[in-house]
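Residues per chain are reported as follows:
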Amino acid sequence: MNHQSHDIITESSSSWEDLDPDEFLNHNKTDDGIDKNDKNDDDDEDDVNENDDENDENEEEDNESLTSWTQEFMEHWKQHAFAVLVAIVATVAAHSYKKSPSPAVPVPYSSSSSSSAPTLHLYDDAHEHLHEYTRTANITFCDPFDSSKDSSSSSSSSSSSLKVMEFHISNEFLPALHAHYAADVWQDVNYSRVLTFLEQLPSHLQIKSSSTRGLTHYYIDPSIETLYPYYNPTAEAKMSANGLETKPLRAAHLTFTGFGVKFFNLSPKPVLLYWDGREERKVVGEIAPFESLGTATTPGQSFSMTPVYDADQVVGRWVVTADDVTLYFEPMNDDQIQQLTQQERLLYQMQKLNQEFAKHYLIHSRRAWLSQFPRAFPLHPMWETSYIHQKHVYRDEGRDYHIRVESVLPKVLTIPDFLSDHECEALIQLALHEGLRASTVVAGSQRTMMRDVSTRSSDNTWLERGNNATSLTDAIYRRAARLLRLDERLFQKPVDDEVPAHRHSIAESLQVVRYRAGEEYTAHHDFVYPSQQLWYQPTRFATLLLYLNDDFEGGHTVFPRAVTRDLHDGVRIRPKKGTAVLFYSMLPDGNMDDRSQHASEPVQLGEKFIANLWVWEPLIN
Ligand SMILES: O=C(O)CCC(=O)C(=O)O
Ligand SMILES: [Fe+2]
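Residues numbered from 1 in each chain as written. Chains lettered and ligands numbered in written order. Predicted model: local features only at pLDDT ≥ 70, side-chain atom pairs only at ≥ 80, totals over all residues. Heavy atoms only, no water.

Draft legend 1. Structural view of the pairing of strand S15 (residues 412-415). In S15, alternate side chains face the same way, and those of Val 412 and Thr 414 on one face and Leu 413 and Ile 415 on the other are all buried. Sheet analysis places strand S14 (residues 399-407) next to S15, joined by three bridges and oriented antiparallel. Each residue of the ladder has a partner; that of Ser 407, found in S15, is Val 412. Remark: four residues form the turn of the hairpin made by S14 and S15, two consecutive strands paired antiparallel. As paired strands, S15 and strand S26 (residues 580-584) are joined by four bridges and run antiparallel to one another. Across the sheet, Ile 415 pairs through a bridge with Ala 580, a residue of S26. (Buried < 20%, exposed > 50% of the residue type's maximum accessible area, 1.4 Å probe, protein only. Helix = DSSP H or I, 4+ residues; strand = E, 2+ residues; numbered from the N terminus. Pairing = 2+ DSSP bridges.)

Below you can see the structure in the form of structure tokens.
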């Protein structure tokens, strides 16, 4: 069985330093021969409560197997050095899987069909895309004393948008790191085993200094020149007093100033987060102890926090700016931290570990870390978005589909004629038949749904695949899977009572939305912020937005933060019946893409119909 190596090096070793980034990136995909414990893959689908029950039942058995597990864990880490060696070989083969193909020299406005034929990722069964999953897949650790080489500068690959980065973890947070590695060995989907056996979590790191050095990769924003490879500064030169001056390319200054913020509750009590308006405050959501909650906002906005059961006692207030978007409610002093239960202390440390990583990520990438460390890089493939207006063509069921890159930062692509007129009309009829209800937005770390007309004023309904006695939705799911280059079986719902459940889905039901005149969806992100206790860190990875009509005015889809040379309002897409918009909410380094923020402008006249198909990574929550 394949399992990724856990790359904590306790003794001075130069082997990892010699890896180039490609090797480093993939060397976790090593068969190190360690058997995982008995947890069946089918457990992946269990929800949190089911897992709790199962854990109670298995507690005795678990206690017995703990010693052998500990040995296994020890063995596992000892084999590290060997794993690295094997990995160097393995990476050559694995190279193409994790990395986007080397960008060919861009040819402006031409079809690049031959280089972009879709490779479908087919699996023997629908779980296979997770067989090698570990949460720590893309990090590795090394001896802090071995500074014989400066890893951060040595290994960046010109063909890759990912660059090696070094980060440091204070030793006080090492138990949290051990917990994540233990979760990998246990495949502990909700950390219930980790939290039950935390006294026995092995601590194998013999660290002699005050911090541990780790390595991972971060995504580098392509430069503005990269986005316009066909830009000719000489052709656009202008006359000045001293003669001809070439015009450098500059990114347009954006009028929209919004961004995502993430609030952390580093206290053992649940709290409520509020958005403070001039006259009233609105609940954004509840944040469970040691959990977080994110939302989209604008500079100068005030947020406040109260205990759940005392709305008058404000315990924190923040006026947000784009420079500081991860905000902590951290009321405990050292004594209070010591008084926490062991479970609470571990959860606290896990958040502190994430915070420490986030600082390093920000320094390197200049982006806020909105995911939870450790977060594996996305397993799903992404279409190459090397430059604006790049084109791809792929063939599906006997016809060509043309893709055009609308934006690189964020990654937005359009596919005209993805649906036929007849399919668009049939989907609208199906939705009307099902009945449309007031749209809601996700709120709180418990992810409850709330109506908020000031944000999203539309109506919607959900169309399940196959459950509508029609092959229409089924055909759309199949086509969407092929566009995303994913096995269409990953888009199937588990069949009720199927034992063992051979399927799980990474796609939500199709959501048909209707906007009437005046209705809109203000700038938001489609990704969600998963609990730090979820091993898979499930979140929305990509959105496929389908325009079902265009006989209305207004209602453009806007990416107000898209980087271009001249569009101050970002990229605006005029709805066209049958066109699909595909955009990614994640970056290749596992971070959420803050720039993926988007909106539906108000409809001015008539009614706008769209369908959303959300695809999750690495699986649906
Ligand atoms: O209607 C649109 O153009 C955007 C819809 C959207 O962003 C959503 O439903 O999440
Ligand atoms: Fe959206």
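There's more to say after this.
Draft legend 2. Spotlight on the nonpolar core. Core analysis: the biggest nonpolar cluster contains 123 residues, and Phe 263, Phe 418, Phe 491, Leu 548 and Leu 582 have the highest contact counts within it. If sequence neighbours within four positions are ignored, Phe 491 has contacts with Arg 465, Tyr 477, Ala 480, Ala 481, Leu 484, Leu 486, Ser 505, Ile 506, Ala 507, Leu 613 and Val 615. Counting 16 residues, the second-largest nonpolar core is a separate cluster that includes Val 412, Tyr 521, Val 603 and Ile 610. (Core = buried A, V, L, I, M, F, W, Y, C linked by side-chain atoms within 4.5 Å. Contact = heavy atoms within 4.5 Å.)

Draft legend 3. Fine view of the site of ligand 1. Every one of the 13 residues lining ligand 1 counts as a neighbour, but Tyr 515, Thr 557, His 598, Lys 608 and Asn 612 are closest to it. At 3.3 Å, a side-chain N or O of Asp 526 approaches an oxygen atom of ligand 1. Burial of ligand 1 by the surrounding chains reaches 99%, relative to a free accessible area of 300 Å². Under a 2 Å grid-point criterion requiring more than half of the atoms, the pocket assigned to ligand 1 is the largest cavity. At the level of secondary structure, the elements contributing two or more residues to the shell around ligand 1 comprise strand S21 (521-524), strand S27 (598-600) and strand S29 (608-617). Looking at the shell around ligand 1 residue by residue, the class counts come to five nonpolar, five polar and three charged. (Near = heavy atom within 4 Å. Polar contact = N/O pair within 3.5 Å; in protein donor to acceptor, adjacent residues only side chain to side chain. Areas by Shrake-Rupley, 256 points an atom, 1.4 Å probe, with all protein chains shown as cover. 1 Å grid on protein atoms, 1.4 Å probe; cavity = no way out; pocket = protein on both sides within 12 Å on 5 of 7 lines; lining within 4 Å. Sits in = over half its atoms within 2 Å of the grid points. Nonpolar A, V, L, I, M, F, W, Y, C, P; charged D, E, K, R; others polar.)

Draft legend 4. Seen up close, the sheet that holds S21. The antiparallel open sheet is built from four strands, whose spatial order is S21-S27-S24-S25. If you trace the sheet from one side to the other, it starts and ends with S21 and strand S25 (571-573), each paired once. Adjacent strand axes in the sheet meet at a mean angle of 15° when their direction is disregarded. Bridge analysis of strand S24 (residues 557-559) against S25 gives three bridges, and the strand direction is antiparallel. Residue pairing across strands places Phe 559 opposite Val 571, the latter belonging to S25. (Axes fitted to C-alpha atoms, helices over the stretch in contact; angles between N-to-C directions.)

Draft legend 5. Spotlight on the packing of helix H5 (residues 174-186) against helix H9 (residues 342-365). Closest axis-to-axis distance for the H5/H9 pair is 8 Å, and the angle between their directions is 95°. For the element pair H5 / H9, the angle class is roughly perpendicular. Residues Pro 175, Ala 176, Leu 177, Ala 179 and His 180 of H5 form the contact with H9, whose participating residues are Leu 346, Gln 349, Met 350 and Leu 353. The residue inventory of the contact of H5 with H9, partitioned by class, reads seven nonpolar, two polar and no charged. (Parallel < 35°, antiparallel > 145°, perpendicular 65-115°, else oblique.)

Draft legend 6. Inspection of H9 at higher detail. Over its 24 residues, H9 runs 34 Å from end to end, which matches the ideal 34 Å to within 8%, given 1.5 Å per residue. Looking one or two places after H9, you find Arg 366, whose phi comes out positive at around 65°. (Expected span 1.5 Å × (residues − 1).)

Draft legend 7. The sheet that holds strand S11 (residues 316-319), seen in detail. Pairing is antiparallel in the open sheet, where four strands are placed in the order S8-S7-S10-S11. If you trace the sheet from one side to the other, it starts and ends with strand S8 (281-287) and S11, each paired once. Shown here is a sheet whose adjacent strand axes are inclined to one another by a mean of 20°, direction ignored. Judged from the six bridges that link them, strand S7 (residues 271-276) and S8 form a sheet pairing that is antiparallel. Bridge pairing links Leu 272 to Glu 286 in S8.

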